[in-house]
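Each chain is listed here by its residues.
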Amino acid sequence: MDLRKVSLATLPSVGPKRLESLQSLGIENVYDLLFYFPFRYEDMEAKSLDEAVDQEKILLKGVVASDPVVFRYGYKKNRLNVRLLVENESIMVTFFNQPWLKDKFETGLDVAVYGKWNENRRALTGIKVIDVNNDDSIDSVYSVNKNIHQKTLINLIKVAFEKYHQEIETVVPEYLRKKYKLLNDEEIVSGVHFPKTPQQSDEARRSAKFREFFLFQCGLQSIKREDNQKNLGIIESYDKKFIQQFIADLPFTLTDAQQKVVKEILGDMDSDHHMNRLLQGDVGSGKTIVSVIAMLASVTAGFQASIMAPTEILAQQHFDKISKLLAPLKIRVALLTGSQTKKEHDFITEDIASGKTNIVVGTHALIQEGVDFKNLGLIVIDEQHRFGVNQRKAMRQKGDNPDVLAMTATPIPRTLAITTYGDMDVSRIDQLPAGRKKIETYWIRSQKIEQMYQFVAKELSGGAQVYVVTPLISESEKIDLKNAELIYDKFNELFGQKYQIGLLHGQMPNDQKEAVMNDFADKKIDVLVSTTVIEVGVDVPNASVMVIYDANRFGLSQLHQLRGRVGRGEKQSYCILIADPKNEAALERMKILTSTNDGFVLAEADLKMRGAGDLLGNRQSGLPEFKVGNPINDINILEIAQEEATTLFENESLMNSPETENLRVFIKDEFDQLNNFD
Ligand code: ADP
Ligand code: MG
């Protein structure tokens, strides 16, 4: 029986009111109720006194040794005191504001009390009185709200289980349950809710986690499959010779890794497979040129292509580089940003709509209304983690099912690759261009700042260009941070005689930002003092020193991104972190950063330290929420579940066999829900 279709009203004692309170917990049917798992357990096995630990919860059994007394104090407050004889010791038990418990204590009676132990006073603050004959040694604890009690919920689950346990259909196919020694769904439900021993709950939870991850992965697989079948992609028959020639004419040779991903991307574009691909490559690995090749291919196939970047500075930089690269090929490139005048804007959008423009580089301005393409074949989203799900969707809607290439330097920890990006194909550039040297990273405390000045002086005299990053500009935050202007003045005072110092921040008008960036790129500026506007994408290969003030205020990924602005040429590069970490976590970040340049290691650490939502800066694009499984801690189970789901979906005959029937029905019904997940 499909218990998702069985109403809760079929249970005794569930009326309209109770239905409503269950709904407030997201429980809509009998299936939901049975799979509404406890989030923790309380050990209800009676312990001996010498096992009692101060301030920890414990169950003690004893004999009532005094008449209970209730003291009233304050407004509606009271306290119940009773003495228990436990292993020949008289223990004081106190209950707050539960005067009715008085009836449970009769001198000479055996009782069991669960509560918090106070070692000093040899006393127990009671939480509840347990039936001495109770043989459940573990109590499940559920997340509830004010509409419904723990007790009520547990009883309802028990009732539902008694009535329907034979109807619970197992969704994980038998061959997998055998292979991984997993329980069936009836055993999972009973083991998770009503375990007799901790081992039993562990075992049931292990199976429940696999089940949950596996169903999720099957959902992703079916989305992927649907996407391929329903949305026949555009076939972009690009000019292969032309592309080959373009690659051969580049000022550098593509790395093997770049060649590999180019092949993967062009392969998708050339087929009717709708491309939904994530290109991941550490900072400086050369993603831009890969996207330019893809866009060029799209243009030679008669389509328009577009690249969206998260900041104006980055869009401008892409525009400059791409126009320069493509100018000899008579490809028309346009830039669209929010700070252009209406006249400019109209002029540009007109050419986009008519198809005169082949490649459009832009910021969020691209997804606004009034920007219409003639025939958009490929969308590139640079630094995709900086965009929200909705922005990425809006971009897709600018064409008729265009191919999508999302790029990111933030390495995708395994957890996210398997969950959030599970429906995308992933290409990885796992190699930096030849000749790059490892960036050397140092951390100093602010009292040693003189050392940094000396170091910068030395590097400047050797012809280096320096970035100095300051967290925030004066007016934007009240927190006492050294602001960009102050630091700019300081550098001017120290080095202004001999060197050119520049200032860049988000509040500057666009043309001014552009002028400063150009001057830095042309080496007319030696030291660029900047806010984090340069965090992503900015590419000035000659810059080789990065100084970051108040580094303890940044997250690991952000620091790695900032550091990635140097080490882009052949010069030895340095990163100096100035930080006075105020807590363990910040100290840990400094240590990790100085010990590794590996973005993947950093992203994994970041995910652990901050949680996925934060890492991505967008709740929606963070990890999906699971009920029993924790995608970070249970990564091993998650990975196996993913592998098995992928394998199953590739196996047509297994997919159509009776063994997977329950699973198929289950996924099909859940599909709509999963489909809303980007
Ligand atoms: P990211 O992957 O961080 O976006 P970019 O695309 O900005 O990196 O590339 C970093 C720098 O490396 C750029 O200056 C780019 O021209 C250069 N570059 C890219 N590919 C190669 C290569 N195969 N050999 C040498 N330099 C390269
Ligand atoms: Mg980039």
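Residues numbered from 1 in each chain as written. Chains lettered and ligands numbered in written order. Predicted model: local features only at pLDDT ≥ 70, side-chain atom pairs only at ≥ 80, totals over all residues. Heavy atoms only, no water.

Novice: Describe in detail the packing of aromatic side chains, supporting the description with residues and values.
Specialist: Following the criterion strictly, the structure yields 12 aromatic pairs and no others. Measuring from centroid to centroid gives 4.5 Å for Tyr-31 and Phe-35, while their planes differ by 25°, and the two rings are stacked. Both residues of the pair, Tyr-31 and Phe-35, belong to the buried class. Geometrically, the ring pair formed by Phe-161 and Phe-194 is edge-to-face, given 5.5 Å between the ring centres and 65° between the ring planes. One end of the pair, Phe-161, is in helix H3 (residues 150–164); the other, Phe-194, is in the loop between helix H5 (185–193) and helix H6 (198–230), and 33 residues separate them in sequence. Judged by its relative accessible area of 22%, Phe-194 is partly exposed. Through successive ring pairs, a cluster of aromatic residues spans Tyr-31, Phe-35, Phe-37 and Phe-666. (Phe/Tyr/Trp six-rings, centres within 6.5 Å; stacked < 30°, edge-to-face > 60°. Buried < 20%, exposed > 50% of the residue type's maximum accessible area, 1.4 Å probe, protein only. Helix = DSSP H or I, 4+ residues; strand = E, 2+ residues; numbered from the N terminus.)

Novice: Outline the pattern of salt bridges, supporting the account with residue identities and numerical values.
Specialist: Tallying each qualifying case throughout the model produces 18 salt bridges. Two residues, Asp-2 and Arg-4, come together in a salt bridge whose shortest N-O distance is 3.1 Å. Assessed through its relative accessible area of 22%, Asp-2 is described here as partly exposed. Taking relative accessible area as the criterion, Arg-4 reaches 16% and is therefore assigned buried. Its salt-bridge partner being Glu-264, residue Arg-277 comes within 3.9 Å of it at the nearest N-O pair. In this pair, Arg-277 is assigned in strand S9 (residues 276–281) and Glu-264 in helix H8 (residues 256–270), connecting sequence segments 13 residues apart. Among the ionic contacts, a cluster of salt bridges with common partners joins Arg-40, Glu-42, Lys-128 and Asp-139. (Salt bridge = Lys/Arg side-chain N within 4 Å of Asp/Glu carboxyl O.)

Novice: For the packing of helix H9 (residues 287–300) against helix H10 (residues 312–326), give the residues involved together with the corresponding values.
Specialist: Across the interface, H9 lies against H10 with an axial gap of 12 Å and an inter-helix angle of 55°. Relative to H10, the element H9 lies oblique. For the pair H9 and H10, the sense of crossing is right-handed. Here Thr-288, Ile-289, Val-292, Met-295 and Leu-296 of H9 come into contact with H10, specifically with His-318, Ile-322, Leu-325 and Leu-326. Taken together, the residues of the contact of H9 with H10 sort by class into 7 nonpolar, 2 polar and no charged. (Axes fitted to C-alpha atoms, helices over the stretch in contact; angles between N-to-C directions. Parallel < 35°, antiparallel > 145°, perpendicular 65-115°, else oblique. Left-handed = near helix turned anticlockwise from the far one by under 90°. Contact = heavy atoms within 4.5 Å. Nonpolar A, V, L, I, M, F, W, Y, C, P; charged D, E, K, R; others polar.)

Novice: Describe in detail helix H11 (residues 342–354), supporting the description with residues and values.
Specialist: For H11, with 13 residues, the first-to-last C-alpha span of 18 Å sits near the 18 Å given by 1.5 Å per residue. Listing the buried residues of H11 in full gives Ile-348, Thr-349, Asp-351 and Ile-352. The buried residues of H11 all sit within an arc of 160° when viewed along its axis, so they share a single face. Turned more than 90 degrees from where H11 packs its buried face, Lys-342, Lys-343, Phe-347 and Glu-350 sit exposed. For H11, the secondary structure elements touched by its buried residues are strand S10 (304–308), strand S11 (333–336) and strand S12 (359–362). (Expected span 1.5 Å × (residues − 1). Arc of directions from axis to C-beta.)

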